[in-house]
Amino acid sequence: MTDSPRPRDTRALPDRWRDTLLAARSGAPGPDAGPDPLPYAENLLARWDEPQRRYHTTAHLTAVLDRIDTLAGYAADVHAVRLAAWFHDAVYRPDRTENEERSAALAERALPEAGVGEAVTAEVARLVRLTVTHDPADGDRNGEVLCDADLAVLAGSPQEYAAYAAQVREEYGFVPDEAFRAGRAAVLRQLLALPRLFRTPHGAAEWEARARHNLATELELLGSSPGPQ
């Protein structure tokens, strides 16, 4: 019997955003200390629900937030990490290369308006930009948690990983097969070349071996895929 992908309940996302935003407001423990969080949640969720997305959806956001909950004890500022998760793919166009930069810039505009202090805003933007490489420096505890949470999809069951890979292909449906295979293979090789995919103790113990197996399997399958007929 094979595992089946577990559906993600995204209904709690507005509440999760509110709790994180209120916690991140420096010296602002109550809801009256800044603007209403709900419009910001609505704006972000509308972005995450755009029609060009197949993998980078609210289900992905929920999965990353869930994994941050698992890794929370490793973070130096878990509230900043959670905010970075909300923004890390808030701007996403598969035909563009500046998504992370534009997402970070969105955080830099929105968070001060939402009542978040300068230091936390800067940390959120830094973390969003870090998802370009998923290669945090040694000792970057927040970066390690965010990157591990974002890459944990690579360690799914064979069926979960296949579903993820298929969704990525759908997002790049405008790219011809041969070009996609070449580009995807380059991404997989770049990931496999990292000394460690996961930096937290939990990620290293629970996700590293499975993720490398999945990546190597997909790379092998890409090499054996037939070209266009």
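Everything quoted here is computed from the prediction, not taken from an experiment.

Take the confidence of the model for the protein next. This prediction gives the protein a mean pLDDT of 91; 90% of its residues lie at or above 70. In this model residues 1-7 is a low-confidence stretch, pLDDT under 50, and it forms 9 contacts with partners more than four residues away in sequence or in other chains.

Core analysis: the biggest nonpolar cluster contains 62 residues, and Trp-17, Ile-68, Trp-86, Phe-87, Val-124 and Leu-154 have the highest contact counts within it. When residues in this core are grouped by element, the largest group, 8 residues, is from helix H4 (residues 78-87). Dropping the residues within four chain positions of it, Val-124 is found in contact with Ala-80, Leu-83, Ala-84, Phe-87, Ala-107 and Leu-111.

On to the side chain of Arg-199, then. Turning to its location among the elements, Arg-199 is positioned in the loop between helix H9 (177-193) and helix H10 (201-206). Overall, Arg-199 belongs to the buried group, its relative accessible area being 12%. Within the structure, the side chain of Arg-199 is placed 2.3 Å from the side chain of Asp-135, a separation counted as a polar contact.

Moving on to helix H3 (residues 58-71). Look at H3: 20 Å from first C-alpha to last across 14 residues, which is about the 20 Å you get at 1.5 Å a residue. The buried fraction of H3 amounts to 10 of the 14 residues, a majority that puts the element mostly inside the structure. Buried within H3 are the following residues: Thr-58, His-60, Leu-61, Thr-62, Ala-63, Val-64, Leu-65, Arg-67, Ile-68 and Leu-71. Each element contacted by the buried residues of H3 is listed here: helix H1 (13-24), helix H2 (38-48), H4, helix H7 (141-151) and H10.

Its location among the elements puts His-213 in helix H11 (residues 208-224). Accessibility expressed as a relative area gives 55% for His-213, which makes it exposed. Taking the C-alpha atoms as reference points, His-213 and Leu-192, 21 residues apart in sequence, are found 9.7 Å from one another.

Moving on, we come to the packing of aromatic side chains. Between two aromatic rings, the relevant description is the distance of the centres plus the angle of the planes. Taken as a whole and assessed by the stated rule, the structure comprises 7 aromatic pairs. On the basis of an interplanar angle of 70 degrees and a centroid distance of 5.0 Å, the ring pair of Tyr-55 and Tyr-164 is categorised as edge-to-face. On the criterion of sequence distance, the pair formed by Tyr-55 in the loop between H2 and H3 and Tyr-164 in helix H8 (residues 158-171) is long-range, its members being 109 residues apart. Assessed through its relative accessible area of 10%, Tyr-164 is described here as buried. Note on Tyr-161 and Tyr-164: the rings are 5.3 Å apart at their centroids and 65 degrees apart in plane angle, and the pair reads as edge-to-face. Taken together, the residues span about one helical turn, with Tyr-161 and Tyr-164 both in helix H8 at a distance of 3 residues. Its relative accessible area of 5% is what places Tyr-161 among the buried residues.

Summed over all chains, the structure comprises 17 salt bridges. For Arg-93, the salt bridge identified is with Asp-95, shortest N-O distance 3.2 Å. A relative accessible area of 32% means that Arg-93 is categorised as partly exposed. With a closest N to O distance of 2.9 Å, Asp-140 and Arg-126 form a salt bridge. Here Arg-126 lies in helix H6 (residues 118-130) and Asp-140 lies in the loop between H6 and H7, a separation of 14 residues in the sequence. Looking at Asp-140, the relative accessible area reads 12%, which means it is buried. The partly exposed category is assigned to Arg-126, whose relative accessible area is 32%. What you see here is one network of salt bridges that share partners, running through Arg-16, Asp-66, Asp-69 and Arg-82.

Procedures and definitions
- Residues numbered from 1 in each chain as written.
- Predicted model: local features only at pLDDT ≥ 70, side-chain atom pairs only at ≥ 80, totals over all residues.
- Heavy atoms only, no water.
- pLDDT = per-residue confidence, 0-100.
- Contact = heavy atoms within 4.5 Å.
- Core = buried A, V, L, I, M, F, W, Y, C linked by side-chain atoms within 4.5 Å.
- Buried < 20%, exposed > 50% of the residue type's maximum accessible area, 1.4 Å probe, protein only.
- Helix = DSSP H or I, 4+ residues; strand = E, 2+ residues; numbered from the N terminus.
- Polar contact = N/O pair within 3.5 Å; in protein donor to acceptor, adjacent residues only side chain to side chain.
- Expected span 1.5 Å × (residues − 1).
- Phe/Tyr/Trp six-rings, centres within 6.5 Å; stacked < 30°, edge-to-face > 60°.
- Salt bridge = Lys/Arg side-chain N within 4 Å of Asp/Glu carboxyl O.

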